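Read off the chains here:
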Amino acid sequence: MSDRYYVYRPLLDLIGLSEGTDRGRGYNETLGYGIMLDGKVTKGRGPTVDLVSMTLDQVDTLQSRMLKDPDNSRLNSSAIGRYQIVRTTMRAIRKAMPDRYPGSRLFDRDCQDEMACYLLGQRGIDKYLAGRLSEDSMLTNLAREWASLPQPNGKGYYGGQRASVTPAQVRKVLAQVSARHRAGQPVETVEKPVVPEAVDTEVKSKTSLWGWITGIFGSSGVGLAGFLGADWQTVLAIGGLALGGLLVVILLRRQIIAAVQDIRQAVEGR
């Protein structure tokens, strides 16, 4: 099964790593590994939810519940899913594309990947791949969207938030994304025109006829007569015949030009 997000997958995987969700339940992970959900906390993990089977409206309700949790007063976050998308961001995405993200749509793997790619686009990934945004600017933009990603100086964009990966890791992944992007854009090649077989045959017949005429009536006839030891009267007669042949060729000039034009039109496909 092909990956719709193959080009961006290395970056999506890096976000899953930096946000820590891949160490937990991935697409089903919530802020703090579930501790912001009312319920029993065991070994630093709270209740689990099956996000991928929930609708976007249900996820919105869950995020509102998370924000009301007393344990969330310090972070005041509703980050959810593999890419830890907060309620404000998710609502903005849904508002921008209501037909694509109705309340009844499931917050499954495809939806989460799609939303993350939308955010990458908002942060300039397409401009970066087109060479219109510097790598440092791309790092800064990503750090503004995901607090776990570093700026070029290695620090998180937001105060008090430590980056979970290094700038070198992000640059390596961006190089992988760029390589996949280039591989998906085949180099345009211009094919050389090929003369159709029928036209090629016609060209050969025309040129063969021309060679036959000039060969028969050219100096080769005079040379052959001399080689056979003919007397001067015979040589003169043959020369006259050659001259007459050349006159015929001159008179047929228009027909020959017309034939060449016909061939040219056939080659050009007119």
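Residues numbered from 1 in each chain as written. Predicted model: local features only at pLDDT ≥ 70, side-chain atom pairs only at ≥ 80, totals over all residues. Heavy atoms only, no water.

A few points about the nonpolar core
Link 1 in the chain: In this structure, Leu11, Phe107, Met115, Leu120 and Ile125 are the most contacted members of the largest nonpolar core, which totals 42 residues.
Link 2 in the chain: If you list the elements that add at least two residues to this core, you get α1 (9–18), α2 (56–67), α3 (87–96), α4 (109–122), α5 (125–129), α6 (135–145) and α7 (167–183).
Link 3 in the chain: When residues of this core are assigned to their parent elements, the largest contribution, 6 residues, is made by α4.
Link 4 in the chain: What Met115 contacts, discounting residues up to four positions off in sequence, is Leu56, Ile85, Met90, Ile93, Arg94, Tyr101 and Phe107. (Core = buried A, V, L, I, M, F, W, Y, C linked by side-chain atoms within 4.5 Å. Buried < 20%, exposed > 50% of the residue type's maximum accessible area, 1.4 Å probe, protein only. Helix = DSSP H or I, 4+ residues; strand = E, 2+ residues; numbered from the N terminus. Contact = heavy atoms within 4.5 Å.)

Comments concerning the packing of α1 against α4
Link 1 in the chain: Contact pair α1 / α4: the axes reach a minimum separation of 11 Å and the direction vectors enclose 100°. Judged on the interaxial angle alone, α4 and α1 are roughly perpendicular. Listed contacts from α4 to Arg9, Leu11, Leu12 and Ile15 of α1 are Asp113, Ala116, Cys117 and Leu120.
Link 2 in the chain: Partitioned by chemical class, the residues of the contact of α1 with α4 number 6 nonpolar, no polar and 2 charged. (Axes fitted to C-alpha atoms, helices over the stretch in contact; angles between N-to-C directions. Parallel < 35°, antiparallel > 145°, perpendicular 65-115°, else oblique. Nonpolar A, V, L, I, M, F, W, Y, C, P; charged D, E, K, R; others polar.)

Focus on the environment of Ala143
Link 1 in the chain: Topologically, Ala143 is positioned in helix α6.
Link 2 in the chain: In this structure Ala143 comes out as buried when scored by relative accessible area, which is 0%.
Link 3 in the chain: Sequence separation of Ala143 and Ala163 is 20 residues, and the distance between their C-alpha atoms is 8.5 Å.
Link 4 in the chain: The residues contacting Ala143, other than those within four sequence positions of it, are Leu149, Pro150, Gln151, Tyr157 and Tyr158.

Notes on α3
Link 1 in the chain: Those residues of α3 that sit buried are Thr89, Met90, Ile93 and Arg94. Projected onto a plane normal to the axis of α3, the buried residues spread over an arc of 135° and lie on a single side. Exposed residues on α3 whose side chains face more than 90 degrees from its buried face are Thr88 and Lys95.
Link 2 in the chain: In this structure, the buried residues of α3 make contact with α2, α4 and α6. (Arc of directions from axis to C-beta.)

Things to note about unusual backbone geometry
Note: most residues except glycine have negative phi, and most peptide bonds are trans.
Link 1 in the chain: In this structure, Asn76 takes a positive phi of about 50° despite not being glycine.
Link 2 in the chain: Residue placement: Asn76 occurs in the loop between α2 and α3.
Link 3 in the chain: Among the residues examined, Asn76 registers a relative accessible area of 52% and is labelled exposed.
Link 4 in the chain: If you check the backbone angles, Gln84 has positive phi at about 50° while not being a glycine.

Focus on the side chain of Ser78
Link 1 in the chain: Mapped onto the elements, Ser78 comes out in the loop between α2 and α3.
Link 2 in the chain: Residue classification places Ser78 among the buried residues on the basis of a relative accessible area of 4%.
Link 3 in the chain: Apart from the residues lying within four places of it in its own chain, the contact partners of Ser78 are Gln63, Met66, Leu67, Ile85, Val86 and Arg87.

Here's the deal with α2
Link 1 in the chain: Taking 1.5 Å as the rise per residue, α2 with 12 residues should run 16 Å; its terminal C-alpha atoms sit 17 Å apart, in good agreement.
Link 2 in the chain: Considering only its buried residues, α2 is in contact with α3 and α4. (Expected span 1.5 Å × (residues − 1).)

A short note on the pattern of salt bridges
Link 1 in the chain: Inspection of every chain in the model, using the stated rule, returns 14 salt bridges.
Link 2 in the chain: For Asp113, the salt bridge is made with Arg9, and the minimal N-O distance between the two is 3.0 Å. Of this pair, Asp113 sits in helix α4 while Arg9 sits in helix α1, and the two are 104 residues apart along the sequence.
Link 3 in the chain: What makes Arg9 buried here is its relative accessible area of 15%.
Link 4 in the chain: Note that Arg105 and Asp110 form a salt bridge whose closest N and O atoms lie 3.5 Å from each other.
Link 5 in the chain: Arg105 gets classed as buried once you look at its relative accessible area, which sits at 17%. (Salt bridge = Lys/Arg side-chain N within 4 Å of Asp/Glu carboxyl O.)

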